[in-house]
Amino acid sequence: MRSVRARNESAWLLPNDGTRTNHRLRQDMRRFADEDEIDLVIVGCGAGGSVLLQRLARAGWRVAALDAGPFWDPDADWVSDEAGSHHLYWTDPRVIAGTDPVPLGSNNSGRGVGGSMVHYAGYTPRFHPSDFATCSLDGVGADWPLAYPDLQPYYAEIEQELPVAGEHWPWGDPHGYPHRPHPVGGNGEIFLRGARKLGITAKVGPVAIANGRFGNRPHCIYRGFCLQGCKVNAKASPLITHLPDALAHGAEVRADAMVTRVAVDERTGRVTGVHYLCGGAERFQRAAMVAVAGYSIETPRLLLNSSSGRFPDGLCNDFDQVGRYLMVQGAPQTAGRFGAEVRMYKAPPPEVSSEEFYETDPGKDYKRGFAIQTVSPLPITWAEHIAAQGHWGRALREYMSDYVHWSCLGALCEFLPLPGNRVMLDSEKDRYGLPVARFSYSQCDNDRALVRAAQSVMEDILHAAGADEVITIQRYAHLVGGARMAADERHGVVDGRCRSFAVPNLYITDGSVLPTQGSANPALTIMAVAARAADRLIAGSRGGTD
Ligand SMILES: Cc1cc2nc3c(=O)[nH]c(=O)nc-3n(C[C@H](O)[C@H](O)[C@H](O)COP(=O)(O)OP(=O)(O)OC[C@H]3O[C@@H](n4cnc5c(N)ncnc54)[C@H](O)[C@@H]3O)c2cc1C
Ligand code: SF4
């Protein structure tokens, strides 16, 4: 553990007096002037942006990250209340379209320092080696310009820094985790019992939740509020895993700073900084390099909103790649009722998962696969689950009063990257007068087949565990892609080190760059990709290969 601290001291920089925020570190933070040409300005301080910031600050770069939302203080800003946590989400308008539109505007992505990981569930699986070459292996999806071994060391590093707890992982590239698995609650026990009866392997983890004290971060207290922002500081998010160390090494985090466009020098074709709005004023931060890390919808939107004489159709969009191949995972959730009390809320929602169905099964009529995980919705989300079955009024109240008897599993189905699933600009404007994103999404037959298969397995598991009733809702999860990495500019926006093909000093380091998504939750991979990009940048600045 000493080696983790030597490269990322965040957990030790948090207070150990029962409070959650090192206010002194924030007050004493380095502050750059707009007219200072800093080495790199990062747009968005979430999963990808924060890792890049921390790595470069440690390497002595003059770096700042601008985030549209606040610099959260868990003690003051977060509440143990489902409805009261709504302010954590990006709820600015977005237009949706397509034959299978993806509902946005609630719990899809985050706004504020720490990004969506502030209220993510905390599952942190790795991608499988096959995810990096689905086109070659299975004839669907895309091949990445890098392979699993390129990311493997970064996976291991980030797993230590979060840190991740779980059993030895037998799937993909088999590996262990730095923290032992957490004890399992009622929902996890049901998953394990049903899976065992059917001969399906399920394992505890992998979750980015401290199991035991980690630096000054306390052990999880199993209160089940992971998706509302963990007030305890047990669940990992960049706010506590990477930003304290970044600040301690001279990085600036500029909160409540909405970037409106990336500026390009028409003569050189290089970016020169970012225009942003802060406190009602229009400002411009000069920078030698820009990295965009605003999430899969906001990153392509910002590039499209940054059109210029040099890039009339949007920054980096000469080959009409920006916004395309945006992916969501099909995420049906199946709940089962049990005679005995389950009390699924009395544990972290992420507990137990199975990747037994992750890879293409030649015996099936679909390609790629799905993962199954415990999900444990709190009461408001549970009410949505019930209302989706058509229950209302008295029937809804009866189901709600029966809440403690229900168990809930969720699947993540690997929906395929399709060129027509894309972000474009709409004629509608947001509160800053900027065109909002219009996200069009349609499923293909393979996607639908995966959802049917996943639902059937989840129902079988819950029945095998003894459920007397099962109900399923259809959902989506995890947006990635939209500015994908590729071998060349005709197939993507950035290369394997996250540098844009079109502009040599512009990088993209968030989930937008993922060409495929596997059936894994994406945050760990996003952080690993950003850590690798940071290494390449640092090597380049030191005269190595960038
Ligand atoms: C309910 C829920 C549960 C999830 N559970 C899991 C899970 O269990 N495991 C997992 O791996 N993943 C999970 N995820 C997904 C995961 O959190 C995201 O994939 C990941 O955080 C995306 O990282 P990112 O860097 O692309 O963007 P983000 O982490 O969202 O960061 C983007 C940041 O950019 C800022 N920003 C955007 N536009 C601008 C702009 N123009 N100017 C300035 N700032 C801007 C935003 O405020 C935000 O802070 C979950 C997501 C949700 C919504
Ligand atoms: S269950 Fe654990 S990780 Fe989740 S919110 Fe509670 S203390 Fe945090």
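Everything that follows concerns the structure shown earlier in this document.
Quick caveat: nothing in here was measured; it's all calculated off a predicted structure.

Undergrad: Hey, could you run me through the state of the cysteines in this one?
TA: Simply put, the disulfide is a covalent bond whose two ends are the sulfur atoms of two cysteines. If you walk through the whole model with that rule in mind, you get zero disulfides. Between Cys413, a cysteine without a disulfide, and Cys444, which holds the nearest cysteine sulfur, the sulfur-to-sulfur distance is 12 Å. When its relative accessible area of 0% is taken as the criterion, Cys413 is described as buried. For Cys498, which is in no disulfide, the shortest distance to another cysteine sulfur is to Cys316 and amounts to 13 Å. A relative accessible area of 1% places Cys498 in the buried class.

Undergrad: Mind showing me how you'd approach the packing of aromatic side chains here?
TA: Centre distance and the angle of the planes are the two values used to describe a pair of aromatic rings. One pass over the full model with this rule turns up 16 aromatic pairs. Between the aromatic rings of Phe132 and Trp144, the centroid separation amounts to 4.5 Å while the plane-to-plane angle is 55°, which identifies the pairing as tilted. Pair noted here: Phe132 is in the loop between strand E3 (95-97) and helix H6 (134-138) and Trp144 is in the loop between H6 and helix H7 (148-161), with a separation of 12 residues, a long-range link. Here the aromatic rings of Tyr148 and Tyr155 are separated by 5.9 Å at their centres, their planes lie at 35°, and the arrangement is tilted. With respect to burial, Tyr148 and Tyr155 carry one shared label: buried. Through a chain of ring-to-ring contacts, three or more aromatic side chains come together here, namely Phe127, Phe132, Trp144, Tyr148 and Tyr155. Cation over ring: Arg111 sits above Trp90, and NZ or CZ is 4.4 Å from the ring centre.

Undergrad: It is not clear to me how the side chain of Lys235 should be interpreted in this structure. Could you clarify?
TA: The residue Lys235 is located in the loop between strand E4 (203-204) and helix H9 (238-241) in this model. It is Glu82 that comes nearest to the buried, bridge-free Lys235 among opposite-charge side chains, at 13 Å. One polar contact links the side chain of Lys235 to the main-chain carbonyl oxygen of Tyr120, over a distance of 2.7 Å. Those residues in contact with Lys235 that lie beyond four places of it in its chain are Met117, Val118, His119, Tyr120, Ala121, Gly122, Ala208, Ile209, Arg217, Cys226, Cys230 and Ile240.

Undergrad: Looking at this model, I keep getting lost on the site of ligand 1. Mind explaining?
TA: Near ligand 1 you find 38 residues, and of these Asp67, Gly112, Ser116, Tyr123 and Ala523 are the closest. Asp67 places a polar side-chain atom, nitrogen or oxygen, 2.6 Å from an oxygen atom of ligand 1. Here an oxygen atom of ligand 1 and a backbone polar atom of Ala523 are 2.7 Å apart. Protein burial of ligand 1: of its 1000 Å² of free accessible surface, 96% is covered by the chains.

Calculation rules
- Residues numbered from 1 in each chain as written.
- Chains lettered and ligands numbered in written order.
- Predicted model: local features only at pLDDT ≥ 70, side-chain atom pairs only at ≥ 80, totals over all residues.
- Heavy atoms only, no water.
- Disulfide = S-S within 2.5 Å.
- Buried < 20%, exposed > 50% of the residue type's maximum accessible area, 1.4 Å probe, protein only.
- Phe/Tyr/Trp six-rings, centres within 6.5 Å; stacked < 30°, edge-to-face > 60°.
- Helix = DSSP H or I, 4+ residues; strand = E, 2+ residues; numbered from the N terminus.
- Lys NZ or Arg CZ within 6 Å of the ring centre and 35° of its normal.
- Lys, Arg positive; Asp, Glu negative; His and termini not counted.
- Salt bridge = Lys/Arg side-chain N within 4 Å of Asp/Glu carboxyl O.
- Polar contact = N/O pair within 3.5 Å; in protein donor to acceptor, adjacent residues only side chain to side chain.
- Contact = heavy atoms within 4.5 Å.
- Near = heavy atom within 4 Å.
- Areas by Shrake-Rupley, 256 points an atom, 1.4 Å probe, with all protein chains shown as cover.

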